[in-house]
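# Summary of the model geometry
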Amino acid sequence: MFGIFHFLRKIRNSKYRDSNKSVASRVNNSLSKKLSDNLQYLNQLFDMAPDLVIRHIHSDQGAVYAALVYLDGMTDKNSIENNILRDLARGKAPNEVSVGSIKQTSEWKQIEYDILDGQSVLFVDGQPKATVYCTQGWPQRAVEESTVETSIRGAHEGFVETRSQNIAMIRRYIPNRELKIKELIVGLRGKTKVSILYLGDVANPDILKELETRINKIDIDAIMNTGELAEFIEDNPYSPFPQLILTERPDTAASHILQGRYIVVVDKSPTVMAAPAHFFTFLTSVDDHNSRWMIASFTRILRFIAAFISLFLPAVYIALISFDYEVIPVQLILSIAETRSRVPFPPILEAMLMEITIEMMREAGIRLPAPIGQTIGIVGGIVIGQAAVQAGIVSNIMVVVVATTAIASFLMPNYDMGAAIRLLRFPMMLLASMFGIVGIVIGAIALVAHLVALESFGTPYGSPLAPWRFADMKDMFIRVPIWAMIKRPKSTDNIQAIRQNKHRGDEDS
């Protein structure tokens, strides 16, 4: 019985392979001079594609002499009706139609790609070439403010899902001929357009070569977004730390380009990617350069303290309660003992329970619509802050620790880095429950060693601390005045270090 099923399945697969081979062989062929043959090939190529539109164009005698082909929903119908069809009806030649750009091709492979890309193709009887009109016009949303990277004083525009529009937004910030754009195609079926933007006289060409090599090696059906592309090309895929900067803000992307980095724009994704990246880059915000340097430095120091609290505070609490309680003042330890007297769980279980609950609430708040998300926050706050303590599930001091940790984690300006720190909090808690403060120190040493060993496109991830680069310290823990940052950061490995004159605007007056 199983042999019969296997035999029938083999026949079915064989027919499918033969059909695909037949279509593929035709795709590699050139166009025929006969319009009927070309339309027949086209119908086979786009089998079961009801959105394929074929508009027959008649001569004065009523005979069909040409056909315009496009995909419904992927094209601008006004441009097709008012520019192409109207001009052809007036007797204009195919290459004289008043539409954006026009090209001719005789390859079926190119024609297939152009139609799927939202362009219109004109086949004329007796001509072995087709005319391709740029009529792309799929639905797209308007430019809106980024909801992930909000800014107080910066620009209020974010990237959209159209690659050309995202490139235009970056070019508005850098209207310079040295802004180079290199285009690549990723994905066997998706044919996703990927653009690499950089300053030709600033960015290191070796990094560009490595970036191109890694992207060209990707062999996949399709790339859906920038995050998928980042997973393919990052240096260490097993590290929890992000090694490429993802941003939704054009001003942030332009700032990275000016520092000597490369920006990768993926079509259909509202996020662009910057490379190379370093650990301290993820702790900077776009508002750092919009505020006065002393305010920005204070905010940045707060952010570093918050990262430390977010990573270590629950682990330190567990270690002090379980192992090293002698370092706690007597009054405080008595208070903690009183609040914990009704809790039946050990500190590690209590902390894990609270942290997992907080993570679930955070994820629910993100995924649900905004009004329901706010309700989840209120309900969760009541459950964790009051009901859980009264029920004797957790202690008051644990609620304080978890709430402080959650607030500290909200200070992370980069979502990926914030998520990595939240994830690493759990192994730190386990080490603290097993070895106390010694376990936390061991975990911290392992973490630092891992950060130092990481690289992002050949540049050290721990720069400017490891290796030590004093010049880059001007924009790390504190931010010195903009006029004092004369050179670009060495950590980007750029080839043109000077980025501004050392004089301020009022010094010549």
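Just so it is clear, the structure is predicted and the values come from calculations on it, not from any experiment.

## Examining the overall build of the protein chain
In terms of helices and strands, the protein chain carries 15 helices and 12 strands. Relative to the globule expectation of 23 Å for 509 residues, the C-alpha radius of gyration of the protein chain, 30 Å, shows a markedly less compact shape. Along the three orthogonal principal directions, the C-alpha set of the protein chain runs to about 105 × 90 × 40 Å. Taken over 509 residues, the protein chain has a buried fraction of 43%. A total accessible area of about 27,200 Å² is found for the protein chain, and carbon and sulfur atoms account for 59% of it. In the protein chain, the 52 positive side-chain charges and the 52 negative ones have mean positions that sit 3 Å from each other.

## Remarks on the packing of aromatic side chains
The tally for this structure, following the rule as stated, stands at 11 aromatic pairs. Look at phenylalanine 282 and tyrosine 461: their rings are 6.4 Å apart centre to centre, the planes differ by 45°, and that puts the pair in the tilted class. On the criterion of sequence distance, the pair formed by phenylalanine 282 in the loop between strand 10 (272–275) and helix 9 (293–322) and tyrosine 461 in the segment after strand 12 (459–460) is long-range, its members being 179 residues apart. A relative accessible area of 2% places phenylalanine 282 in the buried class. Assessed through its relative accessible area of 0%, tyrosine 461 is described here as buried. One aromatic cluster is present, built from ring pairs that chain together Phe241, Phe279, Phe280, Phe282, Phe304, Tyr461 and Phe477. A cation over an aromatic ring shows up here: arginine 214 above the ring of phenylalanine 457, its NZ or CZ 4.3 Å from the ring centre.

## Topic: the pattern of salt bridges
All told, the structure shown has 24 salt bridges when counted by the stated rule. In this structure, arginine 249 and aspartate 251 form a salt bridge, with 2.9 Å as the shortest nitrogen-oxygen distance. With respect to burial, arginine 249 and aspartate 251 carry one shared label: buried. For the salt bridge of arginine 425 with glutamate 359, the shortest nitrogen-to-oxygen distance reads 3.9 Å. Of this pair, arginine 425 sits in helix 14 (residues 415–435) while glutamate 359 sits in helix 11 (residues 347–367), and the two are 66 residues apart along the sequence. For the residue pair arginine 425 and glutamate 359, the accessibility class agrees, reading buried in each case.

## Some details on the UniProt feature "transmembrane region" (unreviewed entry) in the protein chain
Taken from the UniProt record, the annotation "transmembrane region" (unreviewed entry) applies to residues 301–323, 368–387, 393–412 and 424–453. Helix and strand shares over residues 393–412 are 70% and 0% respectively, and the end C-alpha atoms of the span are 30 Å apart.

## Things to note about the sheet that holds strand 6 (residues 179–186)
Taken together, 5 strands build an open sheet; the order of strands is 6-7-9-10-8 and the sheet is antiparallel. The open sheet has two edge strands, strand 6 and strand 8 (245–247), and neither has a second partner. Adjacent strand axes in the sheet meet at a mean angle of 25°, parallel and antiparallel pairs treated alike. Pairing of strand 8 with strand 10 involves 3 bridges; the strand directions are antiparallel.

## Structural notes on the packing of helix 9 against helix 11
Following both chains from N to C, one finds helix 9 and helix 11 inclined at 160°, their axes separated by 9 Å at the closest point. Compared by their axis directions, helix 9 and helix 11 come out roughly antiparallel. Crossing of helix 9 against helix 11: the hand is right-handed. Each of Pro314, Tyr317, Ile318, Ile321 and Ser322 in helix 9 lies in contact with helix 11, whose residues at this interface are Pro347, Ile348, Glu350, Ala351 and Glu355. Each residue belonging to the contact of helix 9 with helix 11 can be placed in one class, and the counts come to 7 nonpolar, 1 polar and 2 charged.

## What to know about the pairing of strand 6
Relative to strand 7 (residues 192–199), strand 6 runs antiparallel, the two being bridged by 8 bridges. Bridge assignment links isoleucine 185 to a residue of strand 7, and that residue is lysine 193. Hairpin connection of strand 6 to strand 7: 5 residues between the antiparallel strands, including glycine 187 at a positive phi of 105°.

## Side note on the domain arrangement of the protein chain
Taken domain by domain, the protein chain comprises domain 1 (28–133), domain 2 (163–277) and domain 3 (290–459). Summed over both partners, the interface of domain 2 with domain 3 buries about 1,400 Å², with 72% contributed by carbon and sulfur atoms. Connecting domain 2 to domain 3 are 0 salt bridges. Where domain 2 packs against domain 3, one counts 4 residue pairs in polar contact (both at pLDDT 80 or more). Sorting elements by how many residues they give to the side of domain 2 that touches domain 3 places helix 6 (residues 205–216) first, with 4 residues. Tallied by class, the residues present in the side of domain 2 that touches domain 3 amount to 11 nonpolar, 3 polar and 3 charged.

## Re helix 9
Between the first and last C-alpha of helix 9 there are 43 Å, a value that for 30 residues agrees with the 44 Å anticipated at 1.5 Å per step. Residue phenylalanine 312 marks the point of greatest curvature in helix 9, where the axis turns by about 50°; the proline proline 314 follows within four residues.

## Some words on the nonpolar core
Counting 65 residues, the largest nonpolar core has Phe241 and Ile263 as its most contacted members. If you tally residues by element for this core, the top one is helix 9, at 10 residues. Mapped onto the domain boundaries, this core takes at least three residues apiece from domain 2 (163–277) and domain 3 (290–459). Among the nonpolar cores identified, the runner-up in size contains 22 residues, and Val186, Leu211, Val266 and Phe457 belong to it.

## As for the environment of serine 341
Tracing the sequence through the fold places serine 341 in the loop between helix 10 (330–340) and helix 11. Residue serine 341 is classed as exposed on the basis of its relative accessible area, which comes to 56%. When the C-alpha atoms of serine 341 and serine 395 are compared, they prove to be 8.6 Å apart, with 54 residues separating the residues in sequence. Only 2.6 Å separates the side chain of serine 341 from the backbone oxygen of glutamate 338, close enough to count as a polar contact.

## So, the sheet that holds strand 1 (residues 52–58)
Across the sheet, 5 strands lie side by side as 1-2-4-5-3; this open sheet has antiparallel pairing. Each edge of the open sheet is held by one strand with a lone partner, namely strand 1 and strand 3 (102–105). Put simply, the sheet's adjacent strands are angled 25° from each other on average, direction ignored. Across 4 bridges, the pairing between strand 3 and strand 5 (residues 130–133) is antiparallel. By the bridge assignment for strand 5, isoleucine 102 is matched with tyrosine 133. The strands touched by helix 2 (residues 35–45) within the sheet are strand 1, strand 2 (64–71) and strand 4 (120–124), with strand 2 carrying the most contacts at an inclination of about 20°.

Thresholds applied
- Residues numbered from 1 in each chain as written.
- Predicted model: local features only at pLDDT ≥ 70, side-chain atom pairs only at ≥ 80, totals over all residues.
- Heavy atoms only, no water.
- Helix = DSSP H or I, 4+ residues; strand = E, 2+ residues; numbered from the N terminus.
- Rg over C-alpha atoms; globule rule 2.2 N^0.38 Å.
- Buried < 20%, exposed > 50% of the residue type's maximum accessible area, 1.4 Å probe, protein only.
- Areas by Shrake-Rupley, 256 points an atom, 1.4 Å probe, with all protein chains shown as cover.
- Lys, Arg positive; Asp, Glu negative; His and termini not counted.
- Charge placed at Lys NZ, Arg CZ, Asp CG, Glu CD.
- Phe/Tyr/Trp six-rings, centres within 6.5 Å; stacked < 30°, edge-to-face > 60°.
- Lys NZ or Arg CZ within 6 Å of the ring centre and 35° of its normal.
- Salt bridge = Lys/Arg side-chain N within 4 Å of Asp/Glu carboxyl O.
- UniProt positions renumbered as here; feature names shortened; annotations may be inferred.
- Pairing = 2+ DSSP bridges.
- Axes fitted to C-alpha atoms, helices over the stretch in contact; angles between N-to-C directions.
- Parallel < 35°, antiparallel > 145°, perpendicular 65-115°, else oblique.
- Left-handed = near helix turned anticlockwise from the far one by under 90°.
- Contact = heavy atoms within 4.5 Å.
- Nonpolar A, V, L, I, M, F, W, Y, C, P; charged D, E, K, R; others polar.
- Domains from an automatic or database assignment.
- Buried area = accessible area lost by both parts, 1.4 Å probe.
- Polar contact = N/O pair within 3.5 Å; in protein donor to acceptor, adjacent residues only side chain to side chain.
- Expected span 1.5 Å × (residues − 1).
- Bend = angle between axes of the 7 residues up to and from the residue.
- Core = buried A, V, L, I, M, F, W, Y, C linked by side-chain atoms within 4.5 Å.

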